[in-house]
Amino acid sequence: MAYAAFRSIGAYAPEKILTNQELSEMVDTSDEWIVKRTGIKERRIAAKDETTSDMGVKAAALAIERSGIEKKDIDMLICATISPDYFCMPSTATIISSKLGLNNVTAFDISAACTGFVYILSIAKAFIEAGMKKNILIVGAEKLSAITDYTDRGTCILFGDGAGAAIISATEDKSEAIIDIHTGADGTFADLLMTPNGGSGSAHDSLDQEASSCFMQMKGNETFKVAVRTLTKDVVDILQTNNIKSEDINHFVPHQANYRIIKAVGDALAMKEEQVVLTVAKYGNTSGASIPMAINEVYESGDLKAGELMLLDAFGGGLTWGSALVPFSPLK
Ligand code: UT7
């Protein structure tokens, strides 16, 4: 039986920093309000000519280099994004594959918003366990600044740009294997967080300028409440199902949407401060990129050791959610 091992991580954050102070000059907000309600201090913004695939390529190149696996052996590439280079086609995954010179891959995008990375991890795990693929590159990449309305203080303070990537490989050693992944969705909450214009469901004439704008709209407070409720249940469930205790988790890596959501879920699990990975202050919410960017921070700080157990959790538009129990298993 083949198992799926999480071999390596890489990430990229664009250079340009957008501070709370700068946002307070654009909309009616303040550094104090943003920090108190979200924990965010700044976020990164991609250059005008820098695309989602450009960022994904940089993160992926690092993940490949750190994996010890050769490019020619990568047989699948999945990209999670809600800000693709092109809205219909080609997929951002195919663009990333060509920029990286990966010529022998199955490549496609998935749309699960901020839960995207957990979703692509689960797809990679399934393909490997089914024996269909051996080395899968998964990429969460977002240029959310391209779909953010910088006149809406309810959303523009939250989001940033960036990318993260990982290599998931087949192994016969069960001790290296991703233990479990839970994913879920409930479309009855679709209107809480959406980009209402530009798709086939758009109320506008598709040639209309307004219809081509794909800005995000969010009912923040309602989303917040469903997020805390759903995530708390989900993480407790995945730990209980697998008979794992909170104290067995080395790194709790939540989606970085809001410090208050992370704290509420961490407290429900009685997580100690040192177990919880926090990047929300410096990157804000980078949707599908947020979890791999956070794992990369732990890796680059030298604190992610082989065999250590990560608990991932995410929540986002759809609504979608997911959690995963993932040992870090670099090639020996
Ligand atoms: O990543 C995927 C999922 N997304 C999330 O999980 C995001 C979830 N939601 C949130 O993080 C929070 O709901 C927000 C940070 C978006 C908002 O915080 P909140 O504590 O839920 O505030 P609220 O929406 O209940 O608004 C409270 C007040 C309102 O004013 P009034 O009606 O009390 O006078 C808002 O108009 O705060 C006002 N407000 C702001 N004030 C200053 C809303 N946004 C801002 C702002 N600056 N940026």
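The structure under discussion appears in the preceding block.
Read on for an overview of the structure. (Residues numbered from 1 in each chain as written. Predicted model: local features only at pLDDT ≥ 70, side-chain atom pairs only at ≥ 80, totals over all residues. Heavy atoms only, no water.)

Further remarks concern the environment of Asp 149. Structurally, the position occupied by Asp 149 is in the loop between β6 (135-143) and α6 (153-156). Sequence separation of Asp 149 and Tyr 3 is 146 residues, and the distance between their C-alpha atoms is 43 Å. When near neighbours in sequence (up to four residues on either side) are disregarded, Asp 149 contacts Thr 155, Cys 156 and Phe 215. Within polar-contact distance, the side chain of Asp 149 engages the side chain of Thr 151 at 2.6 Å. (Helix = DSSP H or I, 4+ residues; strand = E, 2+ residues; numbered from the N terminus. Contact = heavy atoms within 4.5 Å. Polar contact = N/O pair within 3.5 Å; in protein donor to acceptor, adjacent residues only side chain to side chain.)

One pair of aromatic rings is described through two measures. These are the centre distance and the angle between the planes. Scanning the model with the defined rule gives one aromatic pair in all. When the ring of Tyr 299 is compared with that of Phe 328, the centres are 6.0 Å apart and the planes differ by 70°; the resulting orientation is edge-to-face. Pair noted here: Tyr 299 is in helix α11 (residues 290-300) and Phe 328 is in the segment after β13 (320-327), with a separation of 29 residues, a long-range link. Overall, Tyr 299 belongs to the partly exposed group, its relative accessible area being 28%. (Phe/Tyr/Trp six-rings, centres within 6.5 Å; stacked < 30°, edge-to-face > 60°. Buried < 20%, exposed > 50% of the residue type's maximum accessible area, 1.4 Å probe, protein only.)

Pairing of side chains with opposite charge becomes possible as their charged atoms draw close. Tallied over the entire structure, the rule returns 13 salt bridges. Arg 66 is the salt-bridge partner of Glu 300, the closest N and O atoms lying 2.7 Å from each other. Separated by 234 residues along the polypeptide, Glu 300 in helix α11 and Arg 66 in helix α3 (residues 52-67) bring together distant segments of the chain. Look at Arg 66 and you get partly exposed, because its relative accessible area is 24%. (Salt bridge = Lys/Arg side-chain N within 4 Å of Asp/Glu carboxyl O.)

Fair warning: the whole summary comes from geometry, so function is off the table for now.
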